[in-house]
Each structure stands twice: as structure tokens, then as C-alpha cells.
Amino acid sequence: IARMATWLRPGGVVAILCDSLLALVLELLAAGREDEAVERALTREAEYRSGDVVVRHRLLDAATLREGFRSAALEVVEIVGLLVSGSALGRDEPLSRLQRRDGSHLALERRLSGCEAIADAGKQLLGIARLSPQAGQRPGA
């Protein structure tokens, strides 16, 4: 986050989409993968595998993402959880509901994503922050 902040001009915006620590741990527990759930919770790291490619990545929560923005001198615009219903309903049920194409599940997701207190329950976290328009200006300029 700090490196990305250096790329911004005053008033510039950065958006970060990352996997949620809480959602992954809950998903692993529900799948009976307790040892892996505990490992992910303690290390805050996960692996994505596709064929021979393995990518290790950090798992975040909303508080850690918010602190990352603040420590990089960025103003938090919002942090929301995406696919919050997936943590409660599993992967298949939200997909089935979305395939109905009646818009009701998207409406539910929009309402849930506006609840900051449950952002960590989303499969992913979307954090948006900006560099103050006054950044880099000299006092009195």
C-alpha cells in the first residue's frame, strides 16, 4: 500500500481487492479443514494454485487494510466486504441465486456490502483510499 501511495498524484485514488482472512478461515472450517484454517488464521497467508503455478498472498481484515491506508498517509474512502452471503451460504447457493437473474441476490449483496461491521465476512475486501488533494503543498502556498 505504501508503495502504491507513492504512485498517486494529490487527489489520486487507489483501490485494493484482497481476500478476507475471516471468510477464508470460516470456509475452511465449514469444509472440515481445521488444521489449514488454524494455519491461515495464524500466518495470515494463503496459497492460490492453478496447475503448476503457486502464488502465496496475504490475507487481510478491514482493520489491517484501514491501518495500511492510514500509515501510507491515505484517506480511507470506504472498505466493504464483497460476496458476504457466500460466507454464510457457501459457494454454490449464491451462484444459484445469481443465475436466476432476477436481481434479488445482487440487491442483497449491495445492502450487505454497506454494513462496515460485517465487511470481514465478505469473500473479498474492497478498500478505496485517496491521497489528499492538498498533499505535498507547502503551508501558506
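Residues numbered from 1 in each chain as written. Predicted model: local features only at pLDDT ≥ 70, side-chain atom pairs only at ≥ 80, totals over all residues. Heavy atoms only, no water.

Trainee: Lay out the packing of helix α2 (residues 21-30) against helix α3 (residues 34-43) in plain terms, naming residues and giving numbers.
Mentor: Remark: α2 packs on α3, axes separated minimally by 8 Å, with the N-to-C direction vectors making an angle of 165°. By the angle class used here, α2 and α3 are roughly antiparallel. Of the two elements, α2 crosses α3, and the hand of that crossing is left-handed. Here L21, L24, V25, L28 and L29 of α2 lie close against α3, whose contacting residues are E34, E36, A37, R40 and A41. (Axes fitted to C-alpha atoms, helices over the stretch in contact; angles between N-to-C directions. Helix = DSSP H or I, 4+ residues; strand = E, 2+ residues; numbered from the N terminus. Parallel < 35°, antiparallel > 145°, perpendicular 65-115°, else oblique. Left-handed = near helix turned anticlockwise from the far one by under 90°. Contact = heavy atoms within 4.5 Å.)

Trainee: So, the sheet that holds strand β4 (residues 75-82): which residues are in play, and what are the values?
Mentor: Strand pairing in a sheet takes place through backbone hydrogen bonds and is either antiparallel or parallel in direction. Taking strand neighbours across the sheet as the criterion, the three strands line up as β1-β5-β4 in an open arrangement whose pairing is antiparallel. Taken across any chain shown, the strands that pair with only one partner, and hence form the sheet edges, are β1 (13-19) and β4. Neighbour-to-neighbour, the strand axes of this sheet turn through a mean angle of 15°, independent of strand direction. (Pairing = 2+ DSSP bridges.)

Trainee: I'd like a description of the environment of V38, backed by residues and values.
Mentor: Mapped onto the elements of the fold, V38 is located in helix α3. Between the C-alpha atoms of V38 and T64, which are 26 residues apart in sequence, the distance is 19 Å.

Trainee: Break down the layout of surface pockets for me, citing the residues and quoting the values.
Mentor: If a probe as big as a water molecule is rolled over the atoms, it shows which places are left empty. By volume, the largest pocket amounts to about 560 Å³. Lining of the largest pocket is provided by 25 residues; of these, L24, E27, R91, K123 and Q124 occupy positions nearest its centre. For the lining of the largest pocket, the secondary-structure elements that each account for two or more residues are α2, α3, β2 (45-50) and α6 (92-99). Residue classes in the lining of the largest pocket are distributed as 10 nonpolar, five polar and 10 charged. (1 Å grid on protein atoms, 1.4 Å probe; cavity = no way out; pocket = protein on both sides within 12 Å on 5 of 7 lines; lining within 4 Å. Points joined across faces, edges and corners; volume = space filled by probe spheres on them. Nonpolar A, V, L, I, M, F, W, Y, C, P; charged D, E, K, R; others polar.)

Trainee: Can you tell me about unusual backbone geometry, naming the residues and giving the values?
Mentor: If you check the backbone angles, R44 has positive phi at about 60° while not being a glycine. The backbone phi angle of A73 is positive, close to 60°, even though this residue is not glycine. With respect to the helices and strands, the residue A73 is situated in the loop between α4 (62-71) and β4.

Trainee: Now, about a nonpolar patch on the surface: what can you tell me, with residues and values included?
Mentor: The grouping of L22, L26 and L29 at the surface amounts to a nonpolar patch, some 240 Å² of accessible area in total. Tracing the backbone shows L26 in helix α2. (Patch = residues over 30% accessible without salt bridge, like charges linked within 9 Å, V, L, I, M, F, W, Y side chains within 5 Å. Areas by Shrake-Rupley, 256 points an atom, 1.4 Å probe, with all protein chains shown as cover. Salt bridge = Lys/Arg side-chain N within 4 Å of Asp/Glu carboxyl O.)

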